[in-house]
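The lines below spell out each chain.
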Amino acid sequence: MKLKTLWLVWIPLAVGACTAQWQLTQEPDVWEAVCADVAAAYEVETCEDYDRPDIVRNSILMQQVIGAYGVFVYDEWRLYLAPVWFLAQGGLNEEIVTYHEMVHAVLSKEVEVSRCESERVARELTDAKYGTDSADSGWEITYRCVSPSQMI
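Residues numbered from 1 in each chain as written. Predicted model: local features only at pLDDT ≥ 70, side-chain atom pairs only at ≥ 80, totals over all residues. Heavy atoms only, no water.

Novice: Just to check I follow, could you spell out the overall build of the chain for this structure?
Specialist: Each helix and strand counted, the chain has seven helices and three strands in total. When the helices and strands of the chain are listed from N to C terminus, the series reads α-α-β-α-β-β-α-α-α-α. Going through the 152 residues of the chain one by one, you find that 33% of them count as buried. Partitioning the contacts of the chain with sequence separation of at least 6, the portion at a separation of at least 24 is 49%. For the chain, the exposed area adds up to about 10,000 Å²; of that, 55% sits on carbon and sulfur atoms. (Helix = DSSP H or I, 4+ residues; strand = E, 2+ residues; numbered from the N terminus. Buried < 20%, exposed > 50% of the residue type's maximum accessible area, 1.4 Å probe, protein only. Contact = heavy atoms within 4.5 Å. Areas by Shrake-Rupley, 256 points an atom, 1.4 Å probe, with all protein chains shown as cover.)

Next comes the structure, spelled out in structure tokens:
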């Protein structure tokens, strides 16, 4: 009888300990990371009054028509991501592009910034988190935030 009692006590404790350890070692998901990073950058509370945006993966429209890795559509509250193989050609993956686009989503709700400022912040936060180098890639010309002569 004592052995049965030990099993009834020790097994739930062991399962609880393993579960707690797993939860403590998990990285926050992309949405939680974006919310925390934007909150820290702007000293605001974020993501409390709205849900994460929907994600449409493998969007042929992104890759073939627009040629973009991803886009956040404010009115739809949705991210569109290009196919994984297309992202890989640019040295990216879904997590990086999702993070970048979700920064735009959180900024749209929390901080009044221009389109160009939103792009700058999204690139800087993404670069800091993933070690990418997109903030200094001349995007300002493509996005028409500066004229080419201003970049000289």
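Novice: What should I look at first to understand helix α6 (residues 115-130) in this one?
Specialist: Residues separated by three or four positions in an α-helix point in the same direction, a consequence of the helix having 3.6 residues per turn. Between its first and last C-alpha, α6 extends 22 Å over 16 residues, near the 22 Å set by a 1.5 Å rise per residue. For α6, every residue scored as buried is listed here: Ser 118, Glu 119, Val 121, Ala 122, Arg 123, Leu 125, Thr 126 and Asp 127. Those residues of α6 that are buried are in contact with α2 (30-42), α5 (94-110) and α7 (139-142). In the segment just after α6, Gly 131 is the residue with positive phi, at about 75°. (Expected span 1.5 Å × (residues − 1).)

Novice: It is not clear to me how the layout of surface pockets should be interpreted in this structure. Could you clarify?
Specialist: The probe, sized like a water molecule, is rolled over the atoms to show the empty space still left. A volume near 580 Å³ is recorded for the largest pocket. At the level of elements, α3 (60-66), β2 (70-73), α5 and α6 are the ones that each hand at least two residues to the lining of the largest pocket. (1 Å grid on protein atoms, 1.4 Å probe; cavity = no way out; pocket = protein on both sides within 12 Å on 5 of 7 lines; lining within 4 Å. Points joined across faces, edges and corners; volume = space filled by probe spheres on them.)

Novice: I tried to follow the sheet that holds strand β3 (residues 78-81) on my own but got confused; where do I start?
Specialist: Where strands meet in a sheet, backbone hydrogen bonds hold them as pairs that are either parallel or antiparallel. Read from one edge to the other, the open sheet built from three strands follows the order β1-β3-β2, with strand pairing classed as mixed. Every other strand in the sheet has two partners, leaving β1 (54-56) and β2 as the edge strands with one partner each. Across this sheet, the average inter-strand angle for adjacent strands is 20°, counted without regard to direction. Those strands touched by α5 are β1, β2 and β3, and its axis lies near 25° from that of β2. (Pairing = 2+ DSSP bridges. Axes fitted to C-alpha atoms, helices over the stretch in contact; angles between N-to-C directions.)

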